[in-house]
Amino acid sequence: MARSGKRYRNIEKKLETRDYSLSEAVKFLKENSSCKFDETVEVSINLNLDPRSADQNIRGMVAMPEGTGKNVKVAVFAKGAVADAAKEAGADYVGADDLADKIKDGSIDLDVCIASPDMMGVVGRLGKVLGPKGLMPNPKLGTVTPNVAAAVKNAKAGQVEYRLDKQGIVHAGLCKLSFDQDKIEANLKAYIGAVVKARPAGVKGTYLKSVTVSSTMGVGLRLSAAEVLSF
């Protein structure tokens, strides 16, 4: 079902030419979904940042207070007691060179890749595989850490990355549209609030250009900037 289809155009006609409150936007998306699958609630944040500038290329992880509704597959590079701790924490795949081989040949699917610092020599050889998928472990994201058990638990509980793209936009899917309205709002507030707080110190003038929420096949609704800045 394409976003340019008849159903989409009919929903689009209901839109008002104004900014929406978060509550209004979420309610609109829930009331106007007729898909046969559970859509994902998405957010796009347009920022006054230069992606070419290293000190403006914001990136981080946000814990979703209500989870994401997704079964997150986690792979951990670790050995010995650290590997045992990762397994106990719920990691789906744990290993070293053997795990690297499985990732190389595409025999396993994963959403998050975590590594203990001593394993980065092994992980580094997977740059061409993990890098393009955004799965390369990174200390800034908490995915290169001696405490892999905590990282696994955080990933399983529901963490979503924010990362500036080449157009100066941060975009992410946060949870399922079937979530209760208050749970969707809680996740949106947590994510948008984290991006707002990540404003680089050297940025002058307006930082936040616009915030739009949508669902997988739904229309986009622009949020009130005044409300967003209070998250």
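So, here is what we can say about the structure in this document. (Residues numbered from 1 in each chain as written. Predicted model: local features only at pLDDT ≥ 70, side-chain atom pairs only at ≥ 80, totals over all residues. Heavy atoms only, no water.)

### Re the packing of helix α2 (residues 22-31) against helix α8 (residues 181-197)
Okay, so step 1: Two elements in contact, α2 and α8, have axes separated by 10 Å at closest approach and are oriented at 125 degrees. With respect to their mutual orientation, α2 and α8 come out oblique. Judged by the twist between their axes, the crossing of α2 over α8 is right-handed. Across the interface between the two elements, Leu22, Ser23, Val26, Lys27 and Lys30 of α2 pack against Gln181, Ile184, Glu185, Leu188 and Lys189 of α8.
Okay, so step 2: Its residues placed into classes, the contact of α2 with α8 shows four nonpolar, two polar and four charged. (Axes fitted to C-alpha atoms, helices over the stretch in contact; angles between N-to-C directions. Helix = DSSP H or I, 4+ residues; strand = E, 2+ residues; numbered from the N terminus. Parallel < 35°, antiparallel > 145°, perpendicular 65-115°, else oblique. Left-handed = near helix turned anticlockwise from the far one by under 90°. Contact = heavy atoms within 4.5 Å. Nonpolar A, V, L, I, M, F, W, Y, C, P; charged D, E, K, R; others polar.)

### Describing empty space enclosed by the protein
Okay, so step 1: Following the criterion strictly, the structure yields one cavity of 30 Å³ or more and no others.
Okay, so step 2: Each pocket or cavity is described by its volume, and for the largest cavity that value is around 40 Å³.
Okay, so step 3: With four residues, the single largest contributor to the lining of the largest cavity is strand β8 (residues 208-215).
Okay, so step 4: Broken down by class, the residue content of the lining of the largest cavity amounts to four nonpolar, one polar and two charged. (1 Å grid on protein atoms, 1.4 Å probe; cavity = no way out; pocket = protein on both sides within 12 Å on 5 of 7 lines; lining within 4 Å. Points joined across faces, edges and corners; volume = space filled by probe spheres on them.)

### Looking at the pairing of strand β1 (residues 40-47)
Okay, so step 1: Where β1 meets strand β7 (residues 169-176), seven bridges bridge the pair, whose relative direction is antiparallel. By the bridge assignment for β7, Val41 is matched with Cys175.
Okay, so step 2: The sheet contact formed by β1 and β8 spans seven bridges and is antiparallel. For Ser44, the partnering residue across the bridge sits in β8 and is Thr212. (Pairing = 2+ DSSP bridges.)

### Some remarks on the nonpolar core
Okay, so step 1: Among the nonpolar cores identified, the biggest contains 43 residues, and Ile45, Leu47, Ile58, Leu188, Tyr191 and Ile192 are the most heavily contacted of them.
Okay, so step 2: Broken down by secondary-structure element, the contributors of at least two residues to this core are α1 (6-12), α2, β1, β6 (159-163), β7, α8 and β8.
Okay, so step 3: In terms of residues, this core owes the most to one element, α8, which gives seven residues. (Core = buried A, V, L, I, M, F, W, Y, C linked by side-chain atoms within 4.5 Å. Buried < 20%, exposed > 50% of the residue type's maximum accessible area, 1.4 Å probe, protein only.)

### Re the sheet that holds strand β3 (residues 74-77)
Okay, so step 1: Spatially, the three strands line up as an open sheet ordered β4-β3-β5, and their pairing is parallel. Each edge of the open sheet is held by one strand with a lone partner, namely β4 (93-95) and β5 (112-115). Pairs of neighbouring strands in the sheet enclose a mean axial angle of 15 degrees, with direction left out of account.
Okay, so step 2: As paired strands, β3 and β4 are joined by three bridges and run parallel to one another. For Ala75, the partnering residue across the bridge sits in β4 and is Tyr93.

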